[in-house]
Amino acid sequence: MTEEQHGDLSPYELLRLEKIRRNNARLKALGFGSAIVTPNKPPKKAQSKKRSRNNTATNRSKNVVQKQPTRSSKRLRGEQADVYEITDDADTAKASTANHDNLVDNENEGEAIIDYTFLAKEPDQLDDFEFQVYANLRAWRLQRKNELEVEPYKICQNHTLCELIRRVRNDPTWGALIILDENNVKRSRSEEDVANDLIQCWGLGPSKVKADGFGPEMMGVIEEETNVKLLDSSRAINDNQQIEKDGNISSETYLSSRVTN
């Protein structure tokens, strides 16, 4: 992404993006490639344990995933948390690195963890993989804003971008026009089915979820190879953690069922 493409990101967002890039460069220099997460090889299937009815019901939902550590908590290090004001025209929100509804302090690990069942409203509520997808969507929005000569919030607000990313991250088939069925065969969904998904997202009205609206355009950006890999990596964080916990999850569960033409 060039300077012009991410020119509308806030200083805090640019700093976070630069830190992610530096971390990726360090990993590459150490011979680990990029910070794309791949699933661990699962151990032999552990003996099944009796689960409570509540746990069984919770695990039945494919959109419910475990909480995972992301960024360190300054509060637990005895440092003052940084607070930033992020303004996006009509879409103005206060973003704090230490105080969000979906960020909680892990007293044992000293790290902040993200509740992926929470539909993100702000970029600071996204993990680093999701955040890179967010930055790419912001670049797309800036390009469309310049082409149409309109204010960015008239295309979509940051809240919409964040929630859209989290929904697709939690369910790769959500909003997808082409998916893989249970037999691993490509299947097309109707435009009406896609619109019914997109209309659930905050800030997307009937006109924006039509086939020629901004909703499908944003889904097209998310379906680009780079963004698909980033969201697969975000999902793999959960799968690796669950493999270590249960020892009985397939290494293929992290793979996205979204496919592109």
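What counts and how
- Residues numbered from 1 in each chain as written.
- Predicted model: local features only at pLDDT ≥ 70, side-chain atom pairs only at ≥ 80, totals over all residues.
- Heavy atoms only, no water.
- Helix = DSSP H or I, 4+ residues; strand = E, 2+ residues; numbered from the N terminus.
- Buried < 20%, exposed > 50% of the residue type's maximum accessible area, 1.4 Å probe, protein only.
- Contact = heavy atoms within 4.5 Å.
- Areas by Shrake-Rupley, 256 points an atom, 1.4 Å probe, with all protein chains shown as cover.
- pLDDT = per-residue confidence, 0-100.
- Phe/Tyr/Trp six-rings, centres within 6.5 Å; stacked < 30°, edge-to-face > 60°.
- Lys NZ or Arg CZ within 6 Å of the ring centre and 35° of its normal.
- Salt bridge = Lys/Arg side-chain N within 4 Å of Asp/Glu carboxyl O.
- Core = buried A, V, L, I, M, F, W, Y, C linked by side-chain atoms within 4.5 Å.

### A few points about the overall build of the protein
Then, number 1: Helix and strand content of the protein: 8 helices and 7 strands.
Then, number 2: Classification of the 261 residues of the protein by burial places 41% in the buried group.
Then, number 3: Across the protein, contacts joining residues at least 24 apart in sequence account for 68% of those joining residues at least 6 apart.
Then, number 4: Entry remark: accessible area of the protein is about 15000 Å², with carbon and sulfur atoms responsible for 47%.

### What to know about the confidence of the model for the protein
Then, number 1: On average, residues of the protein score 73 in pLDDT, and 58% of them are at 70 or above.
Then, number 2: Predicted confidence is poor over residues 83-111, with pLDDT under 50, and the contacts of this stretch with residues over four places away or in other chains come to 74 contacts.
Then, number 3: Confidence over residues 248-261 falls short of pLDDT 50; this stretch has 39 contacts with residues more than four positions distant or in other chains.

### Focus: unusual backbone geometry
Then, number 1: Its identity as a non-glycine residue notwithstanding, Glu149 has a phi of 55 degrees, on the positive side.
Then, number 2: With respect to the helices and strands, Glu149 occurs in the loop between helix 3 (128-148) and helix 4 (152-155).
Then, number 3: Residue classification places Glu149 among the exposed positions, given a relative accessible area of 73%.
Then, number 4: Look at Asn184: it is not a glycine, yet its phi comes out positive at around 65 degrees.
Then, number 5: Among the structural elements, Asn184 can be located in the loop between strand 6 (178-180) and strand 7 (186-188).

### Things to note about the packing of aromatic side chains
Then, number 1: Here the structure, examined in full by the defined rule, presents 2 aromatic pairs.
Then, number 2: Judged by centre distance (6.3 Å) and plane angle (75 degrees), the ring pair of Trp140 and Phe214 falls under edge-to-face. Taken together, the positions of Trp140 in helix 3 and Phe214 in helix 7 (residues 214-222) put the pair 74 residues apart, joining distant regions of the chain.
Then, number 3: Relative accessible area serves as the criterion here: at 17%, Phe214 is assigned to the buried category.
Then, number 4: Residue placement shows Arg16 over the ring face of Phe131; its charged tip is 4.3 Å from the ring centre.

### A closer look at the pattern of salt bridges
Then, number 1: All told, the structure shown has 12 salt bridges when counted by the stated rule.
Then, number 2: As a salt-bridge pair, Asp8 and Arg138 come within 3.4 Å of each other at their nearest N and O atoms. Of this pair, Asp8 sits in the segment before helix 1 (11-29) while Arg138 sits in helix 3, and the two are 130 residues apart along the sequence.
Then, number 3: Given a relative accessible area of 2%, Arg138 falls into the buried group.
Then, number 4: A salt bridge links Arg167 to Glu163, with the shortest nitrogen-to-oxygen separation between them at 2.9 Å. Here the residue Arg167 and the residue Glu163 both occupy positions in helix 5 (residues 158-170), the gap between them amounting to 4 residues, near one helical turn.

### Description of the nonpolar core
Then, number 1: Core analysis: the biggest nonpolar cluster contains 33 residues, and Tyr134, Leu137, Leu164, Leu198, Met218 and Ile222 have the highest contact counts within it.
Then, number 2: Those elements that provide at least two residues to this core are helix 1, helix 3, helix 5, helix 6 (191-198), helix 7 and helix 8 (225-246).
Then, number 3: When residues of this core are assigned to their parent elements, the largest contribution, 7 residues, is made by helix 3.
Then, number 4: Aside from chain neighbours lying at most four places away, what touches Met218 is Leu137, Trp140, Cys156, Thr160, Leu161, Leu164 and Leu204.

### Brief notes about the environment of Ile165
Then, number 1: Within the secondary structure, Ile165 sits in helix 5.
Then, number 2: By relative accessible area, Ile165 is classed as buried at 0%.
Then, number 3: Taking the C-alpha atoms as reference, Ile165 lies 7.2 Å from Tyr134; in sequence the two are 31 residues apart.
Then, number 4: Excluding residues within four positions of it along the chain, Ile165 makes contact with Leu126, Glu130, Val133, Tyr134, Leu137 and Leu231.

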